[in-house]
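A closer look at the structure
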Amino acid sequence: MVVDPLSRYQARREQLARGGFPKDGTLELIGEVLRRGERLGREGVDQALRALGSAEIDAWLRAQSAETLRPALLRAAEESAEAALGEDVEESEVWRASSLEGLAARDRAESALRAIAAWESLHGAVSGALAERLNTVREAFGRLDGALAPKARWFIPLNSQRRAERDLLDAGERPRAWWFSARAECDDFLAVLHSRGERPGTHLRACPDCLRDMDQSVLVDAPPKRHLSAEDLWRFDMGTLSAAELKWVDGHTEKCLECAQAIWALEEGDEAIDRALAEQERAVPAARTSRAAEPSRRGPTSARHAEQRDVLEERRDFRVVLVRERQRARLLVQPLGSRAVTAAVFLTPGKPSLKPHSGPEGLQFDLGTAGGRSAHLMVRVGNNEIFERDFSF
Ligand SMILES: [Zn+2]
Ligand SMILES: [Zn+2]
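Reading guide: rules and limits
Residues numbered from 1 in each chain as written. Chains lettered and ligands numbered in written order. Predicted model: local features only at pLDDT ≥ 70, side-chain atom pairs only at ≥ 80, totals over all residues. Heavy atoms only, no water. Helix = DSSP H or I, 4+ residues; strand = E, 2+ residues; numbered from the N terminus. Areas by Shrake-Rupley, 256 points an atom, 1.4 Å probe, with all protein chains shown as cover. Salt bridge = Lys/Arg side-chain N within 4 Å of Asp/Glu carboxyl O. Phe/Tyr/Trp six-rings, centres within 6.5 Å; stacked < 30°, edge-to-face > 60°. Buried < 20%, exposed > 50% of the residue type's maximum accessible area, 1.4 Å probe, protein only. Pairing = 2+ DSSP bridges. Axes fitted to C-alpha atoms, helices over the stretch in contact; angles between N-to-C directions. Donors = N, O, S within 2.8 Å, 3.2 Å for Na, K, Ca; no water. Tetrahedral: all angles 85-135°; square planar, octahedral: opposite > 155°, others 65-115°. Core = buried A, V, L, I, M, F, W, Y, C linked by side-chain atoms within 4.5 Å. Contact = heavy atoms within 4.5 Å.

**What about the overall build of the protein?**
Counting its secondary structure elements, the protein contains 18 helices and eight strands. Total accessible area computed for the protein in this model is approximately 20,100 Å², and 51% of it derives from carbon and sulfur atoms.

**Examining the pattern of salt bridges**
Within this structure, the stated rule accounts for 35 salt bridges. Each of the salt bridges in this network shares a partner with another, and the network as a whole consists of R35, R36, D107, R114 and E173.

**Describing the packing of aromatic side chains**
Summed over the entire model, instances satisfying the criterion amount to five aromatic pairs. With a centroid separation of 5.9 Å and 40° between ring planes, the pair formed by F391 and F393 is classed as tilted. Classification of F391 as buried rests on a relative accessible area of 4%. Members of the aromatic cluster, connected to one another through ring pairs, are F155, W178 and W179.

**Some points on the sheet that holds strand β7 (residues 374-381)**
Spatial strand order, β4-β7-β8: three strands in an open sheet with antiparallel pairing. On the outer flanks of this sheet lie β4 (341-346) and β8 (385-392), each paired with one strand and no other. Pairwise comparison of adjacent strand axes, ignoring direction, gives a mean angle of 20° for this sheet. With six bridges joining them, β4 and β7 adopt antiparallel strand pairing. Residue pairing across strands places A343 opposite V379, the latter belonging to β7.

**Topic: the coordination of the zinc ion (ligand 1)**
Binding of the zinc ion (ligand 1) to the protein goes through C186 (SG), H203 (NE2), C207 (SG) and C210 (SG), at separations of 2.1 to 2.3 Å. The site at the zinc ion (ligand 1) holds four donor atoms, and with the angles between them running 105 to 117°, its shape is tetrahedral. Residue classification places H203 among the buried residues on the basis of a relative accessible area of 18%. Judged by relative accessible area, which is 10%, C207 ranks as buried.

**Focus on the pairing of β8**
One ladder, built from eight bridges, connects β7 with β8; its direction is antiparallel. Looking at the pairing, A375 lines up with F391 of β8. The hairpin formed by β7 and β8 contains three residues between the paired strands, and G382 there has a positive phi angle of roughly 60°.

**Quick word on the pairing of strand β3 (residues 328-335)**
Taken across its eight residues, β3 has seven buried, putting it largely inside the fold. With eight bridges joining them, strand β2 (residues 318-325) and β3 adopt antiparallel strand pairing. When the bridges of β3 are listed, R324 appears paired with A329.

**A word on the nonpolar core**
Counting 42 residues, the largest nonpolar core has L27, I30, W60, L61, L103 and F155 as the members making the most contacts within it. For this core, the elements supplying multiple residues, two or more each, are α2 (26-34), α4 (45-51), α5 (54-63), α6 (66-85), α7 (89-123), α8 (128-148) and α10 (178-181). Here this core gets nine residues from one element, more than from any other, and that element is α7. The residues contacting F155, other than those within four sequence positions of it, are L73, A76, A77, S80, S99, L103, R162 and W178. Core analysis: the second largest hydrophobic core is formed by 19 residues, A329, V333, V341 and F391 among them.

**Thoughts on unusual backbone geometry**
One non-glycine residue with positive phi stands out, namely R183, at about 60°. Summarising the element assignment, R183 is placed in the loop between α10 and α11 (189-193). For R183, a relative accessible area of 9% puts it in the buried group.

Below, the structure is given as structure tokens:
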């Protein structure tokens, strides 16, 4: 099971006190401890801030994108709704853990920004291009919070975990941290959302937020329904969904025609490939001979691995591989060293990036149908290197 948050942060504080700063995420580590100093103490914080140069701040700022955090939080809201509806405990846990990860990402960004403010009070305010960049990032997070904080009721299903996180924050930090604190006491509102028709309890009659929501009949504005994403379909096809996720897919496709059709399309694709292979065998007898050498590999499973791979980029820390398989393309970003590699793919300028799935081969992006399309790739190595390029598939 999950380590309780207090032990996790204590371990992080000890890491900081030992002076063992991680190569990446030093800002986040400092800020995490700073924002929880009342519970954890602030040992090691000043020392770490003194050792930090403005280049590390610049690198963190360059790597930030509210564009990637916004879809992550919207997805977290969908998953939170699934956690509330989940019929069995295991299934709900899958969604709850995934949803909390979205909230934790917002919290880590807050920690880094807090560390930057503390750094400035020690070394003096940043200036020039760095100050501009800091301002841009702060504004982007301001807009993100402005849009999502009023939707905090979507995260009510995670309230017990959110309260645990909120209570570890310094009192002065809690109001800002809406992802953990807003609506954290509104558990009773779930009964309204699911129209269980119980008589409103004392909380619902006294809480201004809940009263406003009921007044404005936000029931229409229910949490978004989680549908199968491209990533879900990809993992379904590859057979890497967990038992709990498969169960959810089964349950969901029983009720949702759209997602059921997406699954059928995958299965039809397999059959079409089998038919094409069978015809090829009739036409080219030689193919039959070579295939006969490995009879156990015959079948749809071997057919679906007929794929073409092109290495688009090879660097010290990562390799980018474009994989074409059937009519579909996917991009693999494979870390080669020990440094953390993250990546984002943009299919349309200004639209949210594709969410990667981390698999045995590295980060995978399902690009959809191949043929005459192009996309933009961003790879971040550690905290301070960004690599960008366009590619077509
Ligand atoms: Zn309430
Ligand atoms: Zn659906």
